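Understanding the architecture of this molecule
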Amino acid sequence: MLIGNRFFAAKIAALVIIIFLFAGCASTEPREIVVDEHSLPETEQIQTSEVDPYEGFNRSMFRFNDHLDDYVAKPISDVYVWMTPGFVKIGVSNFFSNLKDINVVLNDHMQGKFQQGVEDVGRFFTNSTLGFFGFIDVASDLGLPKHEEDFGQTLAVWGVPQGAYLVLPVIGPTTVRGVPGGVFDVAANPTTYIGMPVQLVSMLNTRANAEGALKFIDEAAIDPYVFTREAYLQNQKHLITDGQGKANVDVLPLEDDLLNDVDTGDSKNKNTVDPTGNKSPSAQIDVANQNLDNAVTALDKANTSLEQTAGKLDKLKKKRRFKRR
Amino acid sequence: MFKKIFSNLLLLFCVTFTSISIADELSARQVVDDFQNELLAVMKQGKELGFKGRYDKLDIAVRKSHDLPKIARIVVGKQWEELSAEQQATLEKVFSQLSISAYAHNFKEFTGESFTFISEEETGRGGVVIHTNLHIPNEKDVKFDYMMKKKDDGWRIINIIADGVSDLALKRSEYTSVLSKDGFDVLIAKITEKINNYAAQ
């Protein structure tokens, strides 16, 4: 049996680690684009928006992540979903969600949401005890709902500007502000310090939970890269403001601008409306972006090799298809 | 005496009733409410209806409640004016089909979902936003905000914002990106492909 083969298991483990990091970021890019892009200087053909100055680079990363998901993360996740009974999957999902609540509590307090912080402490202890180490989410039924807080949101609340949109290899969509946010969140998650098998399950769980969203993007998106970027940035705003008032205030004038564009018909005289609602970046963001430039130069180099890998994966896919036929 | 009072009341009733039915096209809230009810009704019979059946029912419900021609114009932004009349008509047609297909695909079964009205908010330039919650059993509620604009014959949905993600802004980014990168024909081809995928599932 293969399962008894240690070497095989180690290989799978290595693959899963890759997936894991990547889970939640991938989506599918239509193949026809993939085929063309190697031959085209994409930075020239793509309009860069202010929020996404590294679109060319980001698109390459997006494509790489997409391939990684197609060939590694999704197949393994599908097996996990297929072989695991529904109630176990829910339990596993609850367990990791409960561990994340520690980070939620920290960020509640750092954002000055003390009432919510107290509730989330109650939530964590309720689920950790009555809920059998978090496997059952009893707290939600007792009126202590799950909150979504992380350090990226905390930085936003503290006034740190968002900075440019980034797609990182394996990790997926984020922003300049989201990078330190992500590092803190990983450090504040006990799963990070638990042994490998638990981390693997955690990864599988993350990817399995993302399945619905990824399928939706696949079905709905005309341009999956743009779809993912806009949905990610808009949802971030929603989370930062906890869906209260401000999010609407941000969105509505934008819609009015859109409507006005068409109504008045003199759209050519208007300034470009950034669909994400992000106005011209402040000087602060410029500084952040300059600092980032160095990092991006290094990443660009990495990207060349990733592109080659993506090419190889494409070939592999063709071979697989051929074999199937 | 009673007869007279009665007939007066009756008259009053009739007058009031007719004046209501003339003056009162549906309010913005009612348009959303009706649409959500129709959506739930289609979901409840989702399996028996099949994709085609759901599409046909929603075709009426969506066109009645959404201003699809206007949405189609907004999603391509400034480039709308650079399209020929024929291209504009094509875009409007396939965009409407895509919107209805997406509804027919995504709302195919009923598992106890319900919509709750939260509040109504006036925006600038005569717009209204209807805030609602979609409740899905065992899942977190999804906020559905409907942005409404008044047309000649009543209120219409112009945008849906789900948990802070604006459908209009999302589509606009996508469509303008594809248009400027790949051109009109590719955009239409991509939309058509999506419609076919929805129908095939």
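Residues numbered from 1 in each chain as written. Chains lettered and ligands numbered in written order. Predicted model: local features only at pLDDT ≥ 70, side-chain atom pairs only at ≥ 80, totals over all residues.

1. Some details on the overall build of chain A
Applied cut-off: Under the DSSP-based scheme used, a helix requires at least four consecutive residues in state H or I and a strand at least two consecutive residues in state E, with every element numbered from the N terminus. Two residues qualify as being in contact provided that their C-beta atoms, derived from the backbone, are within 7 Å of each other.
Per the secondary structure count, chain A includes 13 helices and two strands. Nonlocal contacts in chain A, meaning residues at least 24 apart in sequence, comprise 73% of its contacts between residues at least 6 apart.

2. Some thoughts on the overall build of chain B
So the rule is basically this: With C-beta atoms placed from the backbone, a residue is buried if 20 or more other C-beta atoms are within 10 Å of its own, exposed if 12 or fewer are, and partly exposed between those counts.
Scanning chain B from terminus to terminus reveals seven helices and five strands. When each of the 201 residues of chain B is scored for burial, the buried share is 33%. Intrachain contacts of chain B at a sequence separation of at least 6 include 55% that bridge at least 24 residues.

3. Looking at unusual backbone geometry
All names here are of chain A. Despite not being glycine, Phe132 shows a phi value in the positive range, around 50°. Of note, Phe132 is situated in the loop between helix H6 (114–129) and helix H7 (138–141). On the neighbour-count criterion, Phe132 (13 C-beta atoms within 10 Å) is partly exposed. Backbone geometry at Val170 places phi at a positive 70°, although glycine is not the residue there. In this fold, Val170 is placed in the loop between strand E1 (165–168) and strand E2 (172–175).

4. Quick word on the pairing of E1(A)
Definition in use: Two strands make a pair as long as DSSP finds a minimum of two bridges between them.
Direction of pairing for E1(A) relative to E2(A): antiparallel, over a ladder of four bridges. Bridge pairing in E2(A) places A:Leu168 opposite A:Gly172.

5. Let's talk about helix H4 (residues 68–75) of chain B
Residues and elements named next belong to chain B. Most of H4 is tucked away, with six of its eight residues classed as buried. Of all the residues in H4, the buried ones are Leu68, Ile71, Ala72, Arg73, Ile74 and Val75. Of the residues trailing H4, Gly77 is marked for its positive phi of about 60°.

6. Details of the sheet that holds strand E1 (residues 114–122) of chain B
Either a parallel or an antiparallel arrangement is found when strands of a sheet pair, and the pairing is made through backbone hydrogen bonds. All names here are of chain B. Note the following rule: Lines fitted to the C-alpha atoms define the axes, with helices restricted to the stretch that makes contact. Angles between their N-to-C directions range from 0 to 180 degrees.
Reading across the sheet, the five strands line up as E1-E2-E3-E4-E5 and stay open at both edges, with antiparallel pairing between neighbours. Two strands close off the open sheet at either side, each with one partner strand: E1 and strand E5 (165–166). The strands touched by helix H2 (residues 28–44) are E1, strand E2 (128–135), strand E3 (142–151) and strand E4 (154–162); relative to E2, the strand with the most contacts, the crossing angle is about 30°.

7. What about the environment of B:Leu39?
Residue and element names in this part refer to chain B. Structurally, Leu39 is set in helix H2. Owing to 22 C-beta atoms within 10 Å, Leu39 belongs among the buried residues under this scheme. With 69 residues separating them along the chain, Leu39 and Lys108 place their C-alpha atoms 9.5 Å apart.

8. Comments concerning the packing of helix H5 (residues 85–106) of chain B against helix H7 (residues 184–200) of chain B
All names here are of chain B. Rule in force here: The labels follow the angle: roughly parallel below 35 degrees, roughly antiparallel above 145, roughly perpendicular from 65 to 115, and oblique for the rest. Handedness of a crossing follows from how the near helix is turned relative to the far one, being left-handed for an anticlockwise turn of less than a right angle and right-handed for a clockwise one.
Interhelical geometry of H5 versus H7 gives an angle of 25° and a closest axis separation of 9 Å. Considering their axes alone, H5 and H7 lie roughly parallel with respect to each other. Here H5 runs over H7; the crossing is left-handed. Touching Gln87, Thr90, Val94, Phe95, Gln97, Leu98, Ser101, Ala102, Ala104 and His105 of H5 are Phe184, Ile188, Ile191, Thr192, Lys194, Ile195, Tyr198 and Ala199, all from H7.

9. Some thoughts on the pairing of E1(B)
Two faces make up the sheet, and in a regular strand the side chains alternate between them. Residues and elements named next belong to chain B. In this structure, E1 lies alongside E2, joined through eight bridges in antiparallel fashion. The partner of Ser114 across the bridge, within E2, is His135. What sits between the antiparallel neighbours E1 and E2 is a turn of five residues, in which Arg125 has the positive phi angle 55°.

10. Observations regarding helix H10 (residues 196–220) of chain A
Residue and element names in this part refer to chain A. We apply this condition: For a helix, the expected span equals 1.5 Å multiplied by the number of residues minus one. Throughout, the bend at a residue refers to the angle made by two axes, fitted to the seven residues ending there and to the seven starting there.
The terminal C-alpha atoms of H10 lie 36 Å apart, and with 25 residues this matches the ideal 36 Å at 1.5 Å per residue to within 8%. If you look at H10, its biggest bend is around 45°, right at Glu211. Listed as buried for H10 are Ser202, Met203, Leu204, Asn205, Thr206, Arg207, Ala208, Ala210, Leu214 and Ala220.

11. Focus on the confidence of the model for chain B
Residues and elements named next belong to chain B. Condition: Confidence scores per residue from the predictor, reported as pLDDT, run from 0 to 100.
Model confidence for chain B is summarised by a mean pLDDT of 87, while 88% of its residues fall at 70 or above. A low-confidence stretch, residues 18–23 (pLDDT under 50), is modelled with zero contacts involving residues beyond four sequence positions or located in other chains. Scored as a complex, the prediction yields pTM 0.73 and ipTM 0.82.

12. With respect to the packing of helix H4 (residues 55–83) of chain A against H10(A)
Residue and element names in this part refer to chain A. We count it as follows: Ten residue types, Ala, Val, Leu, Ile, Met, Phe, Trp, Tyr, Cys and Pro, are classed as nonpolar, four, Asp, Glu, Lys and Arg, as charged, and the remainder, Gly among them, as polar.
Closest axis-to-axis distance for the H4/H10 pair is 9 Å, and the angle between their directions is 90°. Judged on the interaxial angle alone, H10 and H4 are roughly perpendicular. Residues Ala73, Ile76, Ser77, Tyr80 and Val81 of H4 touch H10, and the partners they reach there are Leu204, Arg207, Ala208 and Glu211. Grouping the amino acids of the contact of H4 with H10 by side-chain chemistry returns six nonpolar, one polar and two charged.

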